[in-house]
Amino acid sequence: MPGDSEAGAGQVGPDEAWGLSSSLTPPDTMCTPEETSLLQVEETFLALLGRINTLVFQPLLLAEPSNVKDQECLRLLLQLSEQYQHLWDLTQVSLRTLRQRLNSPATIGLHTLHLLHSSDLFLDAYRQYFVIYTSCVAVQTFQKATRKKSEFWRSQRKALKQFLTNVTLETSGAAGLPHVLCQPLTDHVQQYVLILLRLGDAVGEHHSARELAIQAADRFVTLQSFIRRALDEASATQALWEMLGSRLGDALCTADRRLLLDSQEVPAVASPVRADRVLLFNDVLVLLQGHSFQTFDLKLVWVDGRHNKKQMSNRYGFHVITPEEEFSLSAKDAQGKACWLSKVSQAICQALRGKRDIPVLEQDQDQEGAEPPASRCCLYTFRTEDRLRLATYDGSWFWGKPHGKGTLKWPDGRNHVGDFHQGLEHGFGIHLVPHGAEDKYNCYKCHWREGQMQGYGICEYANESVYKGYFRDNMRQGFGVLESSPQAPQPFKFIGHWDRDKKDGYGVLEDKDRGERYIGMWQADHRHGQGIVVTQSGICYQRTFHVDKMVGPGILLLEDDSLYEGSFTRDLAYTGKGKITFPNGYFLKASFSTGVGKGFHTQGVLETTAHPLDPMHTCKRQLGLEAFPVESRWQGIYQQFREFIHSNCPEDAQEAFLGFHVQTAKELRKSQEYLFCDRSNPDEVSAKIKDVLAELPTHQDPESLQLYLQKALKSSAHPLGKLVKLLTLAFQATYSGFGANKHLLGLAQEEVKHHAQEIWAFYQGLLRVALERQGQIQEEREDTSESHPEAYRLVLPIILPCFYPELFMLYMLYHEKEDNLYSQGIADLSLFPDTKLLECLDVQRHLWPLKDLTLTTNQRYSLVRDKCFLSATECLQKIITTVDPREKLEMLEKTYVEIENTVSRVLEREHKLPMDDLLPLLIYVVSRARIQHLGAEIHLIRDMMDPIHRGGLYDFLLTALESCYEHIQKEDMRLHRLAGVHNQKALW
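Anyway, here's the lowdown on the structure attached to this text. For every chain, the first residue of the written sequence is number 1, and numbering continues from 1 onward in sequence order. Where totals are concerned, whole chains, interfaces and linings use all residues; where local detail is concerned, this predicted model gives features only for residues with pLDDT of at least 70, and gives and counts side-chain atom pairs only at 80 or more. By convention in this description, side-chain values take in all heavy atoms of the structure and omit both hydrogens and water.

### A few points about the side chain of glutamine 622
Secondary-structure assignment places glutamine 622 in the loop between strand 27 (599–607) and helix 14 (635–646). Residue glutamine 622 is classed as buried on the basis of its relative accessible area of 19%. At 3.3 Å, the side chain of glutamine 622 forms a polar contact with the backbone oxygen of lysine 620. From its side chain, glutamine 622 meets the backbone oxygen of lysine 742 in a polar contact 2.9 Å long. What counts as a helix is a DSSP run of H or I of at least four residues, what counts as a strand is a run of E of at least two, and both are numbered from the N terminus. Between buried and exposed lies partly exposed: a residue is buried under 20% and exposed over 50% of the maximum accessible area for its type, with that area taken using a 1.4 Å probe on protein chains only. N or O atoms closer than or at 3.5 Å make up a polar contact, with two conditions inside protein: a donor-capable atom paired with an acceptor-capable one, and, for residues adjacent in sequence, both atoms drawn from side chains.

Structural data, given as structure tokens:
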């Protein structure tokens, strides 16, 4: 090379030949002497393995077990043999790659050696082998296996001696078996270390395979440390079993168990529990007291080394926590405490990793000083605690207590799956309770608080009835719905208030078997107090109940509008004194009685002089208004929301308050995937309460607030939407189906208005909490009255669609008679052409919009129908396209404007219609609009309209529309119209 001395020019030194100068010689083109040495070592080791297999393993595996202990010995020997064969196979692969390398060094690189690029496989194989080997040593497997053939093994003493160095076999060859199966392998590992280190030095620091060689050598050095420690632990464990004697030894001895620390070597005392000796194994902590002992699974042992005067009087002690016991271990000095604390912590970490005897070597040093995690996931069966006696818990733990998600199973079949906190059920959980001898369960899917059902839940009972509602202290409390199976002998559905697991307060029971619905008060699961019963046939009555029995007089309203006031049975048989008022005005005051075989008897006075009847007392009489003040109904619903507000809307109580959606218990039992059940509704946008409260103050102006309320009230994920959902459920259960009775209109009407006020009050409560969280104060309202005009203006129009189907049905039934007369009047008026109808209605001729009528050659004005005031008619017809009273009134106002615009166009000047001219024109428009159930529409608008409109233009127009409605019903007008119809020639 240029610049080299003359003596060295053109010559290559040995270091450069082995790769230190890659510019002269490629690093892998020649083999190192170390590779040749490794080849010889592997060949020798393979031959040795073959001889050991023949002389040792084959005779050992021929033994026939005669008892359980012999079977366990044979199992260990089989495992050891399998791992021995695995080592043999790996060595053969290593030898094959070495030969390939030595035969073709120019084409096969050093890094292809199996020992270099797969050193982790060798380490794992050796570790597994020595784990099984030390298990055999600890439980004296070799001594037990050779005991029956001692003469045979004594004859093999000379043959076994050839495998050993520095070991004397004085008596029996069997004593040398453990050494024969260990020493050759440890010696081979030592040879690996030496050759790999020399190989790393030989190839030079720039060689690509040098790092592989050094890394493999380091791993085998670590393996040597592991083997020495494993052998020491196995020997100490074997000595302990011999010292303890057969009784304790047999009870504690297992093949995988290793002694790590003994209080006789490093003194330690347990308190307040009594123990003569403390033993730390790799899987359990044992307290010995005489011939008895206690074991504690290390996976469920927590240690706290901080000095606590309340817990420990010795400053050299530390606290030990287990699922059912807590005690202290105290050493003599600081060094002893450090030793025990370190060993226990280390053993806990190994047990939790599931690598009791197979630590991850590369991480072992890093983990020696690591503290065990406080949170763990383990299985444990309780023994002494009363509530959980013999129950098995599988799940998350935290400092000795079930904490997090887990499953708790009792021997009697009870099963709880869900969230735990400090050892108690806390959060969402599913609880199964077996029912009877059959494979049936009561399944509770609900929220728990400190071990008790608390908040919203669903219970599916063994009899297939289902409860959906709120719980407190493991009992149904507050609002809830209980519904039986449709196939039950007496199917029913109850919706209302519960107190301490019993129906109590206001509630509705539908008895599907009898075809009736009870609406009223309850006490201790009995109808008690005022109540209304509505039957499927349309009959309804109001009575006072006492423990499910009717007492005192009542009111009975029959389907033909007859009214009975007095006493009667549940089968509606009159008894005692009473009064019947007939629809024609007659009434009967009499005494009524019934008897078996006697039929029905009455004695009294029938008044046949017809008296004018007050509809509000008879056919339109409303029940329950005084008996059930609207403020006292559905307190079970409002109570949950008020408590949520008063507690400042805690986030951890949101799901317990709002409820959840979950699959059925049968599906959950089948899949057993309790912890992963979906409790969200995919159709809803999730809204955390903190996000709700953060957004509320940003919607203060009326327009923004109205848009926000529309969104919130329609989402069951929002607290306001949840309230609407529950109120809708209660409303439908009361007034749909059997409950569609005209005598309940007053109750329904009051409820809808009251719901709007309560929802607004609830919104105000949420806003107060939201502002307080932001450090603001809610402004005081100038109007302190309880009318809440915002409830009518903002809330009622949004929630009315939820109640509208049932509510409008009640209005239709209430105004059925008037609407029938109105419909007949509309049918009669529809026979008239436009000009004849305008004439009959006394509309002044100069107001007739004849200019709007387009005639064909064969038509006359007197023949055209449905053409006059067409725009106003179409506008009025839109009144039925919305449920919002304000929008209905706006349609009515537009109708009035269209009438005036049409008249102004006819007169070719702006014209304001006086009432005398407006009424006949409006009657014409109403007759042509042909709106069904107009009476129900008018009265719903009037009852639900914003009070701010009373006395204004909307009120005036609604009054005018009502006058038209009443005018069309009048008998004299119908006769006048029909008289004109008889003269067909005049019409046509």
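Now that the structure has been shown, the text picks up again.
### A look at helix 25 (residues 885–907)
For helix 25, built from 23 residues, the straight-helix expectation of 33 Å at 1.5 Å per residue is met to within 8% by its first-to-last C-alpha distance of 33 Å. For helix 25, the capping residue at the N-terminal end is aspartate 884, with a side-chain oxygen 3.0 Å from the backbone nitrogen of arginine 886. In a helix, the anticipated span is given by 1.5 Å times the number of residues less one.

### Things to note about helix 10 (residues 183–203)
Count 3.6 residues to each turn of an α-helix, and residues three or four apart come out pointing the same way. With 21 residues, helix 10 should cover 30 Å at 1.5 Å per step; its first-to-last C-alpha distance of 30 Å lies within 8% of that length. Looking one or two residues past helix 10, glycine 204 carries a phi angle of roughly 90 degrees, positive in sign.

### Description of the sheet that holds strand 3 (residues 277–281)
Each strand in a sheet pairs with another by means of backbone hydrogen bonds, the pair being arranged parallel or else antiparallel. Note on pairing: two strands pair once DSSP finds at least 2 bridges between them. With antiparallel pairing, the four strands of this open sheet are ordered in space as 1-3-4-5. Strands at the two margins of the open sheet, each flanked by one partner only, are strand 1 (259–262) and strand 5 (292–297). Across this sheet, the average inter-strand angle for adjacent strands is 20 degrees, counted without regard to direction. Strand direction decides the pairing type here: strand 4 (residues 284–289) and strand 5, joined by six bridges, are antiparallel. Paired with valine 286 across the strands is threonine 295, a residue of strand 5. Each axis is a line fitted through C-alpha atoms, taken for helices only over the stretch in contact, and angles between the N-to-C directions span 0 to 180 degrees.

### Thoughts on the packing of aromatic side chains
Pairing of aromatic side chains requires ring centres within 6.5 Å, counting the rings of Phe and Tyr and the six-membered ring of Trp. Pairs whose planes differ by under 30 degrees are stacked, by over 60 edge-to-face, and all others tilted. Within the structure shown, the criterion is met by 40 aromatic pairs. Here the aromatic rings of phenylalanine 130 and tyrosine 133 are separated by 6.0 Å at their centres, their planes lie at 75 degrees, and the arrangement is edge-to-face. Taken as a pair, phenylalanine 130 and tyrosine 133 lie in helix 5 (residues 119–138) at a separation of three residues, close to a single helical turn. Classification of tyrosine 133 by relative accessible area gives buried; the value is 4%. Here tyrosine 467 and phenylalanine 471 contribute two aromatic rings whose centre-to-centre distance is 5.2 Å and whose plane-to-plane angle is 80 degrees, an arrangement assigned as edge-to-face. As far as the burial class goes, tyrosine 467 and phenylalanine 471 line up, both buried.

### Observations regarding the packing of helix 24 (residues 870–877) against helix 25
Contact geometry of helix 24 with helix 25 gives a least axis separation of 8 Å together with a crossing angle of 175 degrees. Comparing the axis directions of helix 24 and helix 25 gives the class roughly antiparallel. Contacts between helix 24 and helix 25 involve Ser871, Ala872, Cys875 and Leu876 from the former and Met891, Leu892, Lys894, Thr895, Glu898, Ile899 and Thr902 from the latter. Three classes are used, and their members are as follows: Ala, Val, Leu, Ile, Met, Phe, Trp, Tyr, Cys and Pro are nonpolar, Asp, Glu, Lys and Arg are charged, and the others, Gly among them, are polar. Taken together, the residues of the contact of helix 24 with helix 25 break down into six nonpolar, three polar and two charged. Roughly parallel covers angles under 35 degrees, roughly antiparallel covers those over 145, roughly perpendicular covers 65 to 115, and oblique covers all other angles. Any two residues having at least one pair of non-hydrogen atoms within 4.5 Å are treated as being in contact.

### Notes on the pattern of salt bridges
Oppositely charged side chains can form a pair if their charged atoms are brought close together. Put simply, a salt bridge is a Lys or Arg side-chain nitrogen that is within 4 Å of an Asp or Glu carboxyl oxygen. Tallied over the entire structure, the rule returns 34 salt bridges. A salt bridge links glutamate 425 to arginine 387; the nearest nitrogen and oxygen atoms lie 3.2 Å apart. You can see glutamate 425 sitting in strand 13 (residues 424–434) and its partner arginine 387 sitting in the loop between strand 9 (375–381) and strand 10 (392–398), a full 38 residues away along the chain. According to the relative accessible area criterion, glutamate 425 is buried, its value standing at 2%. Residue arginine 387 is classed as partly exposed on the basis of its relative accessible area of 34%. Where aspartate 884 meets arginine 886, a salt bridge forms, and the shortest distance between an N and an O atom there is 3.4 Å. Linked through salt bridges whose partners overlap, the residues forming this network are Arg514, Glu516, Arg570 and Asp571.

### Focus: the pairing of strand 4
Each regular strand shows side chains that alternate between the opposite faces of the sheet. Among the six residues in strand 4, five count as buried, and that is most of the element. Across four bridges, strand 3 lies against strand 4 in antiparallel orientation. Residue leucine 279 lies in a different strand from strand 4, and its bridge partner there is valine 286. Remark: two residues form the turn of the hairpin made by strand 3 and strand 4, two consecutive strands paired antiparallel. The turn linking strand 4 back onto strand 5 is made up of two residues, and glycine 290 within it adopts a positive phi angle of 65 degrees.

### What about a negative patch on the surface?
Excluding any residue in a salt bridge, patches collect residues exceeding 30% relative accessible area, merging like charges within 9 Å and nonpolar Val, Leu, Ile, Met, Phe, Trp and Tyr side chains within 5 Å. Methods summary: accessible areas were calculated by the Shrake-Rupley approach with a probe of 1.4 Å, and residue burial reflects only the protein chains presented. Positive charges come from Lys and Arg alone, negative charges from Asp and Glu alone, with His and the N- and C-terminal ends not counted. By convention, the charge on Lys lies at NZ, on Arg at CZ, on Asp at CG and on Glu at CD. Side chains of Glu651, Asp652, Asp691 and Glu695 sit close together on the surface and give a patch of like negative charge. Position of glutamate 695 among the secondary structure elements: in helix 17 (residues 689–695). With relative accessibility at 32%, the residue glutamate 695 sits in the partly exposed group.

### A word on the sheet that holds strand 2 (residues 268–271)
Overall, antiparallel pairing links the four strands, which are arranged 2-8-7-6 in an open sheet. Strand pairing shows two members of the sheet lacking a second neighbour, strand 2 and strand 6 (302–304), which therefore form its edges. The sheet shows a mean angle of 25 degrees between the axes of neighbouring strands, direction not considered. Direction of pairing for strand 6 relative to strand 7 (residues 317–321): antiparallel, over a ladder of three bridges. Opposite tryptophan 302, over in strand 7, you have isoleucine 321 as the bridge partner.

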